[in-house]
Amino acid sequence: MSHRPIRVALLGCGTVGTEVIRLLTQQADDLAARVGAPIELTGVAVRRPNKHPDVPAHLLTTDAAALVASDVDVVVEVIGGLDPVRGLLLDALTAGKSVVTANKALLAESAADLFAAADASGADLFFEAAVAGAIPLLRPLRESLAGDRITKVMGIVNGTTNFILSAMDETGAGYAETLDEASRLGYAEADPTADVEGYDAASKAAILASLSFHTRVTATDVYREGITSVTPTDIAAARGLNRTIKLLAICERVTGEDGAESVAVRVHPAMIPRSHPLATVGGAFNAVFVEADAAGQLMFYGQGAGGAPTASAVLGDLVAVARNLVGGGHGPRESAYAALPVRTIDQASTRYHVSLDVADRAGVLSTVASVFAEHDVSIAAVRQEGRRRDASLVIVTHSAPEAALRSTVDKIAGLPVVHDVVSVMRVEGEES
Ligand code: NDP
Ligand code: HSE
């Protein structure tokens, strides 16, 4: 092995960074053999050095900017968030230092700037760990499927919310206690609001859509709803219909009647049939379906969060970057040539499950049904259960524009015969 060592700066040593150091140390010889040069960790930037007794003291620094500016070839970033990371990574790329990051929030906001800096200097930018933890997903989208035409990507991309929804469904566990457990296990973000309000999944959806449709999609382009409003009643309603509730990220290539293409990207909880493969994805696992013209349907499944799974993806990227440095190759550049317009949620079509408490008397069903008809929303199934003075009415619609469904529900909520709109939930994974 004649190549000089590949010098690596690590920014962050928390849940993921700790595992990155462990793998780098334990697998040093194998990594060197795979790369063709040793990988040398030259420094680790943290906030509180005294919290890291296991890291050799001479490696620790609180000055991340100085570490980035030092004599390193690659910067591995596992701090998270936008600031100060954005500036640090732009500095690294501008100086020709390749970057490996797990930071979906930053990628979903500033990918164009980061790629521009990488292009200008010839550095690599890799971010496999940013979406779906250990699952090799971004490299298949960027490379293996680069010759195909991807039409849809749909999946579970947030481990924390899947952990919570699975527990609520399986054991009836409470929301708060399950979130605490997800944080303890290292799945949740530093601020779990990003997970439970769907921001984390929206960032990942933006990254997936950008790569799949060769179009710049940022987190603000993504329609987002989290799981905080999913109630045990919703879960029970789903169960009663042999369905379960998952937080889904859905990225679609839409062809309009005039043949013009656009992109629709949304994150929201949805009911799916228990027979659907995504329904069996439990705990912090992620699963993503990809549909492409020639490849057909593909499914990617594995651990979507946690220190070691995420570090696996980081190390895979580090090996790729290091091999390029040794062999003179290059990772893929940004591909945003298609520049498709991004549709709003109102233009999307979905199926809805609407559960109502209504008065139990003659004509109520037809009154409610007439509101759906008025808004041109076709009903696929109705189930009514009478109680003493009122009744539970569940309506599942065919696919209809979001805006029409929302107006329908608004009007129904104001009907005197409707006592309560118990649950309104999109339905996915069934014929429309
Ligand atoms: P943690 O909060 O566990 O770790 C963050 C690390 O960054 C800590 O070591 C902290 O230092 C350090 N840090 C924070 N601010 C600074 C700063 N200004 N300068 C230097 N160091 C700083 O985060 P995770 O390891 O969980 O996540 C890291 C990244 O990986 C995020 O982008 C996250 O979204 C992503 N990710 C996480 C996954 C997971 O399952 N946890 C999965 C996939 C991606 P100190 O320890 O001293 O406080
Ligand atoms: N907080 C994220 C999750 C980590 O729960 O999926 C993995 O990106």
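Keep in mind that what you see is a predicted model, and the values were worked out from it rather than measured.

Chemist: Talk me through the sheet that holds strand E2 (residues 39-45); I want residue IDs and the actual numbers.
Modeler: An order of E3-E2-E1-E4-E5-E6 is seen for the 6 strands of this open sheet, with the pairing classed as parallel. Two strands bound the open sheet, and with one partner strand each, they are strand E3 (60-61) and strand E6 (125-126). As defined by bridge partners, strand E4 (residues 74-77) adjoins strand E5 (residues 98-101) across 4 bridges and the pair is classed as parallel. Bridge pairing links Val 76 to Val 100 in E5.

Chemist: Which residues make up the domain arrangement of the protein, and what values go with them?
Modeler: What the domain assignment reports for the protein is domain 1 (6-133 + 307-327), domain 2 (138-303) and domain 3 (346-427). The C-alpha-based centres of domain 1 and domain 3 are spaced at 51 Å.

Chemist: Requested: an account of the site of ligand 2, with residues and values cited.
Modeler: Near ligand 2, the surroundings consist of Lys 104, Asn 158, Gly 159, Thr 160, Tyr 187, Ala 188, Glu 189, Asp 195, Asp 200, Lys 204, Gly 304 and Ala 305. Note that an oxygen atom of ligand 2 is positioned 2.6 Å from one of the side-chain N or O atoms of Thr 160. Between Tyr 187 and ligand 2, the recorded distance is 2.6 Å, taken from a backbone N or O atom to a nitrogen atom. Relative to its free-state accessible area of 260 Å², ligand 2 is covered by the protein chains to the extent of 94%. Elements with a minimum of two residues in the shell around ligand 2: helix H7 (159-171) and helix H10 (199-213). A breakdown of the residues in the shell around ligand 2 according to their chemical character gives 3 nonpolar, 4 polar and 5 charged.

Chemist: Provide a residue-level description of the environment of Ala 284, including the pertinent values.
Modeler: Summarising the element assignment, Ala 284 is placed in the loop between strand E10 (261-273) and strand E11 (285-292). With 19 residues separating them along the chain, Ala 284 and Gln 303 place their C-alpha atoms 6.5 Å apart. Not counting residues within four places of it along the chain, the set of residues in contact with Ala 284 comprises Gly 159, Phe 163, Tyr 187, Gln 303, Gly 304 and Ala 305.

Chemist: I'd like a rundown of the UniProt feature "binding site: NADP(+)" (unreviewed entry) in the protein, residues and numbers included.
Modeler: Under the UniProt annotation, "binding site: NADP(+)" (unreviewed entry) lies at Leu 11, Gly 12, Cys 13, Gly 14, Thr 15, Val 16, Gly 17 and Thr 18. For Thr 15, a relative accessible area of 43% translates into the label partly exposed. In this view, Thr 15 contacts Gly 186, Gly 306 and Gly 307; residues no more than four positions away in its chain are not counted. Along the polypeptide, Thr 18 turns up in helix H1 (residues 15-26).

Chemist: Explain the pairing of strand E14 (residues 379-386) to me, and be specific about the residues and the numbers.
Modeler: Both E14 and strand E15 (residues 390-397) contribute to a ladder of 7 bridges, which runs antiparallel. Bridge pairing links Val 382 to Ile 395 in E15. Count of turn residues in the E14/E15 antiparallel hairpin: 3 residues.

Chemist: Could you give an account of the UniProt feature "binding site: L-homoserine" (unreviewed entry) in the protein, with specific residues and numbers?
Modeler: Summarizing the sequence annotation, UniProt attributes the feature "binding site: L-homoserine" (unreviewed entry) to Glu 189 in the numbering used throughout. Among the secondary structure elements, Glu 189 is positioned in the loop between helix H8 (175-184) and helix H9 (193-196).

Chemist: Describe the pairing of E10, and please don't skip the residues or the numbers.
Modeler: By the criterion of burial, E10 is predominantly enclosed, with 12 of the 13 residues buried. Across 2 bridges, strand E8 (residues 223-224) lies against E10 in parallel orientation. Paired with Tyr 223 across the two strands is Arg 266, which belongs to E10. With antiparallel pairing between neighbouring strands as the criterion, strand E9 (residues 243-255) and E10 make up a hairpin whose turn holds 5 residues, including Gly 259 at a positive phi of roughly 85°.

Chemist: A description of the site of ligand 1 should follow, citing residues and the corresponding values.
Modeler: In the vicinity of ligand 1 there are 24 residues, among which Cys 13, Val 16, Arg 48, Glu 189 and Gly 306 approach most closely. In the environment of ligand 1, an oxygen atom lies 3.1 Å from a nitrogen or oxygen atom belonging to the backbone of Gly 14. Within the backbone of Gly 186, an N or O atom sits 3.0 Å from a nitrogen atom of ligand 1. Burial of ligand 1 by the protein chains amounts to 87% of its free accessible area of 910 Å². In terms of residue class, the shell around ligand 1 is built from 11 nonpolar, 9 polar and 4 charged. Residues lining the shell around ligand 1 come from more than one domain, with at least three contributed by each of domain 1 (6-133 + 307-327) and domain 2 (138-303).

Chemist: Can you tell me about the nonpolar core, naming the residues and giving the values?
Modeler: For soluble globular proteins, the rule of thumb is that nonpolar side chains tend to be buried together. If you look at the biggest cluster of nonpolar residues, it comprises 74 residues, and the most contacted ones within it are Leu 11, Val 75, Phe 127, Leu 137, Leu 141, Leu 208 and Val 290. Among the elements that make up this core, the one with the highest residue count is H10 (9 residues). Contacts of Phe 127, omitting those with residues within four sequence positions, involve Thr 101, Leu 107, Phe 115, Leu 138, Arg 142, Ile 207, Leu 211 and Asp 317. Counting residues in each nonpolar core, the second largest holds 35 residues, with Ala 37, Val 74, Ala 102 and Phe 126 among its members.

Criteria and cut-off values
Residues numbered from 1 in each chain as written. Chains lettered and ligands numbered in written order. Predicted model: local features only at pLDDT ≥ 70, side-chain atom pairs only at ≥ 80, totals over all residues. Heavy atoms only, no water. Pairing = 2+ DSSP bridges. Helix = DSSP H or I, 4+ residues; strand = E, 2+ residues; numbered from the N terminus. Domains from an automatic or database assignment. Near = heavy atom within 4 Å. Polar contact = N/O pair within 3.5 Å; in protein donor to acceptor, adjacent residues only side chain to side chain. Areas by Shrake-Rupley, 256 points an atom, 1.4 Å probe, with all protein chains shown as cover. Nonpolar A, V, L, I, M, F, W, Y, C, P; charged D, E, K, R; others polar. Contact = heavy atoms within 4.5 Å. UniProt positions renumbered as here; feature names shortened; annotations may be inferred. Buried < 20%, exposed > 50% of the residue type's maximum accessible area, 1.4 Å probe, protein only. Core = buried A, V, L, I, M, F, W, Y, C linked by side-chain atoms within 4.5 Å.

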